[in-house]
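Observations on the three-dimensional arrangement
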Amino acid sequence: KQEVTQIPAALSVPEGENLVLNCSFTDSAIYNLQWFRQDPGKGLTSLLLIQSSQREQTSGRLNASLDKSSGRSTLYIAASQPGDSATYLCAVIGGSGTYKYIFGTGTRLKVLA
Amino acid sequence: GAVVSQHPSWVICKSGTSVKIECRSLDFQATTMFWYRQFPKQSLMLMATSNEGSKATYEQGVEKDKFLINHASLTLSTLTVTSAHPEDSSFYICSCGGTGGPDTQYFGPGTRLTVL
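Now for a quick tour of the structure. Along each chain, residue indices are assigned from 1 in the same order as the chain's sequence is written. Here the convention is simple: chains get letters from A, ligands get numbers from 1, in the order in which they are written. A pLDDT threshold of at least 70 governs which residues receive local features in this predicted model, and a stricter bar of 80 or more applies before side-chain atom pairs are shown or counted, although totals over entire chains, interfaces and linings include all residues. Think of the side-chain values as coming from all heavy atoms in the structure, minus any hydrogens and water.

Before going further, it helps to spend a moment on the overall build of chain B. Comment: elements are numbered from the N terminus, with helices defined as DSSP H or I runs of at least four residues and strands as E runs of at least two. Looking only at helices and strands, one finds zero helices and 11 strands in chain B. Over its C-alpha atoms chain B spans a radius of gyration of 13 Å, differing by no more than 12% from the 13 Å that the globule rule assigns to 116 residues. For chain B, the spread of C-alpha atoms along the three principal axes comes to 40 × 25 × 25 Å. Only protein chains enter the calculation, and the probe is 1.4 Å; a residue is then buried if its accessible area is under 20% of its type maximum, exposed if over 50%, and partly exposed in between. Looking at the 116 residues of chain B, the share that counts as buried comes to 49%. Residues count as neighbours in contact if any of their non-hydrogen atoms are within 4.5 Å of one another. Excluding contacts between residues fewer than 6 apart, the proportion of contacts in chain B whose partners are at least 24 apart in sequence is 55%. Radius of gyration here uses only the C-alpha atoms, and the compact-globule reference equals 2.2 Å multiplied by the residue count raised to the power 0.38.

See the structure below:
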């Protein structure tokens, strides 16, 4: 059974810091991995989708990497801003003929002004 | 493109009543729709997968008679919480798959259900 874990569970940093959020998964047979942002009481905003054949994706200040063999992904946030405060979720899209999203436990980020 | 809506965005009901939540794909045909629930400060848990015109497949531990799912068309799926109780209070999110490939889902904005 696929299990997805995110570390740290919560993070509070001053504005301007570069951040690394970690996501690990137990079954490396995945199709894709996707990072989302969720603001309190809101739905999901897709940030980056990494296909299994890719090693990383970049969008603005965000960079996500994927190492399938080790079951790890990282989300790098450069020059953090208070507006980045949210919960960040990673989700692996499973292999073996299924397309289920298995979500991680989330990292609650707070960027202080 | 790939916009998914949910209605209502929030609902409050009395214990014992039934509540229906709609999920619509606005600009594409969704052959598969998914329903998730999220408890406060927890992650999303898949409840069921539904394919248009066929019965939903429920995840282990999800009561199919309590959470009725209907996927009558390629743009609409409904989740009905029957005889709701306070422990059913949660954030329910749907997603639609199909337009970007079977491994891509587009998520709705969620519905907050509070059962008194």
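After that view of the structure, there is still more to cover.
With that settled, the discussion passes to the sheet that holds strand β1 (residues 4-7) of chain A. All names here are of chain A. Spatial strand order, β1-β3-β8-β7-β6: five strands in an open sheet with antiparallel pairing. On the outer flanks of this sheet lie β1 and β6 (56-59), each paired with one strand and no other. For this sheet, the mean angle separating the axes of adjacent strands, direction not counted, is 15°. We call two strands paired when DSSP finds no fewer than two bridges between them. Fitting a line to C-alpha atoms yields each axis, with helices limited to the stretch in contact; the angle taken between N-to-C directions then spans 0 to 180 degrees.

With that settled, consider the pattern of salt bridges. Salt bridges, as used here, are contacts in which a Lys or Arg side-chain nitrogen is within 4 Å of a carboxyl oxygen on Asp or Glu. In the structure shown here, the tally under the stated rule is five salt bridges over all chains. Here Lys100(A) makes a salt bridge to Glu59(B), at a shortest N to O gap of 2.9 Å. Taken together, the residues Lys100(A) in the loop between β9 (86-94) and β10 (101-103) and Glu59(B) in the loop between β6 (57-58) and β7 (67-73) connect one chain to another. Lys100(A) gets classed as partly exposed once you look at its relative accessible area, which sits at 28%. A salt bridge links Asp88(B) to Lys66(B), with the shortest nitrogen-to-oxygen separation between them at 2.9 Å. A residue pair is termed long-range when its members are at least 10 positions apart, and Asp88(B) in the loop between β8 (76-81) and β9 (90-98) and Lys66(B) in the loop between β6 and β7 qualify at 22 residues. Overall, the relative accessible area of 5% leaves Asp88(B) in the buried class.

Residues and elements named next belong to chain B. Planes of paired rings set the category: under 30 degrees apart is stacked, over 60 is edge-to-face and the rest tilted, where pairs are Phe, Tyr or Trp rings (Trp by its six-membered ring) whose centres lie within 6.5 Å. With the rule as written, the count across this model stands at 10 aromatic pairs over all chains. Seen from their ring centres, phenylalanine 67 and tyrosine 92 are 6.4 Å apart, and the 45° between their planes marks the pair as tilted. Here tyrosine 92 lies in strand β9 and phenylalanine 67 lies in strand β7, a separation of 25 residues in the sequence. In this structure, phenylalanine 67 and tyrosine 92 share a single accessibility class: buried.

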